[in-house]
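Architecture at a glance
Residues per chain, in single letters:
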Amino acid sequence: MSGVTSINLVENALLVSIQDDVTDTEIVDLQETLSNRIAKDDVKGVILDISALEIVDTFVGRVIAQLAGISRLLAAETYVVGMRPAVAVTLVELGMYLPEVRTALSLTHALSQLRRD
Amino acid sequence: MPQSATANILTILDNDFSGVVEEWLGTQVKEGVKRSDLFSDAESRTQNQELLKAFSKGVRSGVANEEFSLDDDEWADLRAVLADVSKERVSRGVTPTEMATFVLALKAPLFKRLEAMPDVEQSILIRDVLLVTRLVDAFAIYTNEIFIAERDQIIERQRQEMLELSTPVVELWDRVLTLPLIGTLDSARAQEVMENLLQTILERQAEVVIMDITGVGTVDTQVAQHLLRAAAAVRLMGAECIISGISPMIAQTMVQLGIDVGTVSTRSSIRTALSDALLKVGYVIKTTEAS
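Residues numbered from 1 in each chain as written. Chains lettered and ligands numbered in written order. Predicted model: local features only at pLDDT ≥ 70, side-chain atom pairs only at ≥ 80, totals over all residues. Heavy atoms only, no water.

Let us look at the overall build of chain A. A tally of regular secondary structure across chain A gives 4 helices and 5 strands. Helices and strands appear in chain A in the N-to-C order β-β-α-β-α-β-α-β-α. Taking all 117 residues of chain A together, 48% fall into the buried category. (Helix = DSSP H or I, 4+ residues; strand = E, 2+ residues; numbered from the N terminus. Buried < 20%, exposed > 50% of the residue type's maximum accessible area, 1.4 Å probe, protein only.)

Written out as structure tokens, the structure reads:
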């Protein structure tokens, strides 16, 4: 597992925290690690905490979309939490609306939505 | 001995300074540009004295071979005094014409005194008149520039204030925000609205945002685009967006324009939007038994 991201099992979901100094290779590696963990732990959801990210470009945006696609295939919903206002504006300007991911304000919020489903 | 071009003008300014000031004031009254409703006599007199002092300083050292530029260091005093006077006058509502005529009125007293000077050759006199004209004209043009710059600043400040005033984000209920949009939504405002909104969502941890467009006159493709982008950004932050206040007229236009609002919820009135929003965060509005 990559040193700058951490994956923790919280209730029935995997909490993935992405650190701000994450590199492109590490975030690609995350796809493999995460898909294995989803299958192994049999979770209902994946929570991607990107509150540490100050910059999200099209590459990271696409990887997030792909992560959502992978977990969807493995029967888990992806929640993106803690997106900063500036990041949200940038993604929208870039035309990346990320329709395949669910979003939540915070970890608590995401967990309560997962419980409701 | 060849006389310097400014010698006669300086003689007048040195010998009859207060006379020029008084007559300058007098001409302003005659031209009808002295606003006694806005300025007291004493104030006008002090301003004119200061200006003339700075002007004569400029004439003394800032004119070489009948050439001068008000941007030179020698004219720094005049620029500074002028900036103060203009600022004062703009804020009291003096018009640009009044301001320019006020400066141009300085010509008359200077001409009169040049004419009255003993033993001045006609050619010299014409040269002096020409120089005074050029100096005072440059002075007047510069005054107008300052005046306009000052106005621009006021307009810019007001524009900024209006921008801030026109995008208030209001917390209607715990975790429910509303953004009443009024007027026209251009790109600059849409940007301001979006940033303001997203920041407030973060601060208040809001889950639902109602964007009310009752007060927006027309919705064209560009406005719709801005609204939908804002809604998308809100969703990315993890909150939900409801657009309310879509009138039947606007609904028709939007369909005719082929605008697809996608997954964004829309309501006709802020009332239904509010009750839906409250439901989403776990509250219901109930009538009391008494009614």
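Time to look at the nonpolar core. Membership of the largest hydrophobic core comes to 69 residues, with the highest contact counts inside it found for A:I18, B:L198, B:I201 and B:M211. When residues of this core are assigned to their parent elements, the largest contribution, 11 residues, is made by helix α9 (residues 221–237) of chain B. Residues within four places of B:L198 in sequence aside, it is in contact with A:P85, A:A88, A:V89, B:A233, B:V234 and B:M237. Counting 39 residues, the second-largest nonpolar core is a separate cluster that includes B:L25, B:L51, B:V85 and B:M117. (Core = buried A, V, L, I, M, F, W, Y, C linked by side-chain atoms within 4.5 Å. Contact = heavy atoms within 4.5 Å.)

Residues and elements named next belong to chain B. One open sheet accounts for 5 strands, arranged β1-β2-β3-β4-β5; its pairing is mixed. Each having just a single partner strand, β1 (170–173) and β5 (265–266) make up the two edges of the open sheet. Bridge count for strand β3 (residues 208–216) against strand β4 (residues 240–244) is 5 bridges, and the pairing is parallel. Within the sheet, the bridge partner assigned to I210 lies in β4 and is I242. Along the sheet face, helix α8 (residues 187–204) touches β1, β2 (176–183) and β3 and points at about 165 degrees away from the line of β2. (Pairing = 2+ DSSP bridges. Axes fitted to C-alpha atoms, helices over the stretch in contact; angles between N-to-C directions.)

Residue and element names in this part refer to chain B. Tallied over the full model, the rule gives 5 aromatic pairs over all chains. With a centroid separation of 5.6 Å and an interplanar angle of 10 degrees, the aromatic rings of W24 and F102 are classed as stacked. One end of the pair, W24, is in helix α2 (residues 17–31); the other, F102, is in helix α5 (residues 96–104), with 78 residues separating them in the sequence. In terms of burial, W24 and F102 fall into one category: buried. Aromatic pair W173 and Y283: ring centres 5.9 Å apart, planes at 70 degrees, arrangement edge-to-face. Of this pair, W173 sits in strand β1 while Y283 sits in the segment after α11 (270–280), and the two are 110 residues apart along the sequence. An aromatic cluster is present here, built from F55, F68, W75 and F139 joined pairwise through their rings. (Phe/Tyr/Trp six-rings, centres within 6.5 Å; stacked < 30°, edge-to-face > 60°.)

Our focus in this paragraph is the packing of helix α1 (residues 7–15) of chain B against helix α3 (residues 41–62) of chain B. Angle between the axes and distance between the axes are the two parameters that describe a pair of packed helices. All names here are of chain B. Where α1 meets α3, the closest approach of the two axes is 10 Å, and the angle between their N-to-C directions is 150 degrees. Overall, the two elements α1 and α3 adopt an arrangement that is roughly antiparallel. Along this stretch, α1 crosses α3, giving a crossing that reads as left-handed. The residues of α3 that touch α1, namely those facing I9, L10, L13 and D14, are L52, F55, S56, V59 and R60. Residue composition of the contact of α1 with α3, grouped by class: 6 nonpolar, 1 polar and 2 charged. (Parallel < 35°, antiparallel > 145°, perpendicular 65-115°, else oblique. Left-handed = near helix turned anticlockwise from the far one by under 90°. Nonpolar A, V, L, I, M, F, W, Y, C, P; charged D, E, K, R; others polar.)

A separate point is the interface of chain A and chain B. Contact with chain A, which involves 19 residues of that partner, is made by 17 residues of chain B. Buried area between chain A and chain B, both sides added, is near 1600 Å², and the carbon and sulfur share of it is 60%. Of all residues in chain A, A:P85, A:Y97 and A:L105 bury the most surface against chain B, accounting for 37% of the area lost on that side. Viewed at the interface, chain B and chain A are joined by 1 salt bridge. Its salt-bridge partner being B:R229, residue A:E93 comes within 3.5 Å of it at the nearest N-O pair. The tally of links between chain A and chain B comes to 5 residue pairs in polar contact (both at pLDDT 80 or more). Broken down by element, the residue count for the side of chain A that touches chain B peaks at 6 residues, all from helix α3 (residues 85–93) of chain A. A per-class count over the side of chain A that touches chain B returns 13 nonpolar, 3 polar and 3 charged. (Buried area = accessible area lost by both parts, 1.4 Å probe. Salt bridge = Lys/Arg side-chain N within 4 Å of Asp/Glu carboxyl O. Polar contact = N/O pair within 3.5 Å; in protein donor to acceptor, adjacent residues only side chain to side chain.)

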